[in-house]
Amino acid sequence: SRPARWSSGKMAAPMSRESRGPEPGAAPYGNFPNYSRFHPPEGRVSLLPQGLLRSLFPAATRPLLGLDVGCNSGELSVALYEHLLGLQESNSSPEPPGAGKELKLLCCDIDPELIQRAQQSSPFPASISFASLDIMDPRAREPFLNSYLERFGRSSFDIGFCMSVTMWIHLNHGDRGLLEFLAFLASLCTFLLVEPQPWKCYRAAARRLRRLGRDDFEHFRSLRINGDMAQSITRILTQDCAMELVCSFGSTSWDRSLLLFKS
């Protein structure tokens, strides 16, 4: 699960780093302190084709706006940015695949400590912004996201990233929370890249909590959306949210599909 993020009114804020201890299961929103060590960013970005931004937005002249929800400490956000703009070492072509495209990326996470770490280590502070935000709190997200968009005279993002976040929303907010979250992202993003966690990860997360003697996730046993989660999320986005599935970029070595949708 990629670190993520959401608190509801009933749940305490993320625990301090000390109280979490070394056990990753103690991060109830997936806000693991060393997430990128066990799921390195290259495992995802290597599945995405070179020149993806140019193929999605061939005529764009203004800066493209991206939203990365549940960014953890930012390693994957930075890797996505570099890959989409063709900034990695490339021996193949003299012109990078993203040439001529400018991307402003807003990355948010529920855990302020992880955000602080992301801000301190960001190699692109002018283009990538990190902010602590509970995306499931409408009173917090609406003014914050609207004010960011207004800076660019825009009402939506060109592309959204939701990388191994859906399970944490689902476990902490139930079926209704997952449906609301996906509908919100679909309304806010022209394209949406989603990496859903498979159902076996839900069981593993619940097991870790029990092993630590914690209460189970409030909604785990009552989830009616279960089983093949990539299929379920595709169905929700295409049938309920009027998006279309543009492409499936295959699976990471840890069995996560990368699915690209378009409004």
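Fair warning: this is a prediction, and the values are worked out from it, not measured in the lab.

Structural notes on the side chain of aspartate 109
Stage number 1. Residue position: aspartate 109 is located in strand β2 (residues 103-109).
Stage number 2. Overall, aspartate 109 belongs to the buried group, its relative accessible area being 0%.
Stage number 3. Of note is the side chain of aspartate 109, whose polar atom sits 2.7 Å from the backbone nitrogen of asparagine 72.

Brief notes about the sheet that holds strand β1 (residues 64-69)
Stage number 1. Overall, mixed pairing links the seven strands, which are arranged β3-β2-β1-β4-β5-β7-β6 in an open sheet. Each edge of the sheet is formed by a strand with only one pairing partner; in this case those strands are β3 (128-132) and β6 (244-251). Strand-to-strand twist across the sheet, computed as the mean angle between neighbouring axes with direction ignored, equals 15°.
Stage number 2. The sheet strands contacting helix α7 (residues 138-151) are β1, β2, β3 and β4 (157-163), and the helix crosses β2 at an angle near 170°.
Stage number 3. Strand contacts of helix α8 (residues 166-188): β1, β4 and β5 (189-195), with the helix running at about 150° to β5, the strand carrying the most contacts.

Comments concerning the packing of α8 against helix α10 (residues 229-240)
Stage number 1. Across the interface, α8 lies against α10 with an axial gap of 9 Å and an inter-helix angle of 30°. Judged by the angle between their axes, α8 and α10 are roughly parallel. Judged by the sense of rotation from one axis to the other, the crossing of α8 with α10 is right-handed. Contacts from Thr166, His170, Leu178, Leu179, Leu182 and Ala186 of α8 reach α10 at Met229, Ile233, Ile236, Leu237 and Asp240.
Stage number 2. By residue class, the composition of the contact of α8 with α10 is eight nonpolar, two polar and one charged.

A short note on the confidence of the model for the protein chain
Stage number 1. Counting all residues, the mean pLDDT for the protein chain is 85, and 80% of those residues have values of 70 or more.
Stage number 2. Overall, residues 1-25 carries pLDDT values under 50, and its contacts beyond four positions in sequence, including any with other chains, amount to 102 contacts.

Structural notes on the environment of glycine 70
Stage number 1. Inspection of the secondary structure assignment puts glycine 70 in the loop between β1 and α5 (75-84).
Stage number 2. Overall, glycine 70 belongs to the buried group, its relative accessible area being 0%.
Stage number 3. Between the C-alpha atom of glycine 70 and that of cysteine 107, which follows or precedes it by 37 residues, the distance is 7.4 Å.

Some words on the nonpolar core
Stage number 1. With 47 residues, the main nonpolar core has Leu67, Ile135, Leu145, Phe157, Leu171, Phe181 and Leu237 as its most contacted residues.
Stage number 2. Sorting elements by how many residues they give to this core places α8 first, with 11 residues.
Stage number 3. Sequence-distant contacts of leucine 145, that is, excluding residues within four places in its chain, are made with Leu67, Leu106, Leu133, Ile135, Phe157, Phe184 and Leu188.

Cut-offs used in this document
- In this numbering scheme, every chain counts its residues from 1 along its sequence in written order.
- Confidence filtering applies because this is a predicted model: local features only for residues at pLDDT of at least 70, side-chain atom pairs given and counted only at 80 or more, and all residues used for totals across whole chains, interfaces and linings.
- The side-chain quantities take in all heavy atoms of the structure and omit both hydrogens and water.
- Comment: elements are numbered from the N terminus, with helices defined as DSSP H or I runs of at least four residues and strands as E runs of at least two.
- Only protein chains enter the accessibility calculation, which uses a 1.4 Å probe; a residue is then buried when its area is under 20% of its type maximum, exposed when over 50%, and partly exposed in between.
- By the criterion applied in these results, polar contacts are pairs of N or O atoms within 3.5 Å in which, for protein atoms, one can donate a hydrogen and the other can accept it, and in which residues neighboring in sequence qualify only through two side-chain atoms.
- Any two strands with at least two DSSP bridges between them are considered paired.
- To get an axis, fit a line to the C-alpha atoms, keeping to the stretch in contact for a helix; angles then go from 0 to 180 degrees between the N-to-C directions.
- For this analysis, residues touch if any pair of their heavy atoms sits within 4.5 Å.
- In these notes the angle categories are as follows: under 35 degrees is roughly parallel, over 145 is roughly antiparallel, 65 to 115 is roughly perpendicular, and the rest is oblique.
- Handedness of a crossing is defined here by the sense of rotation of the near helix relative to the far one, left-handed for an anticlockwise turn of less than a right angle and right-handed for a clockwise turn.
- Just so you know the grouping, Ala, Val, Leu, Ile, Met, Phe, Trp, Tyr, Cys and Pro go in nonpolar, Asp, Glu, Lys and Arg go in charged, and all remaining residues, Gly too, go in polar.
- As a per-residue quantity, pLDDT reports the predictor's confidence and falls between 0 and 100.
- Definition of nonpolar core: a set of buried residues of the types Ala, Val, Leu, Ile, Met, Phe, Trp, Tyr and Cys, connected through side-chain atoms within 4.5 Å.

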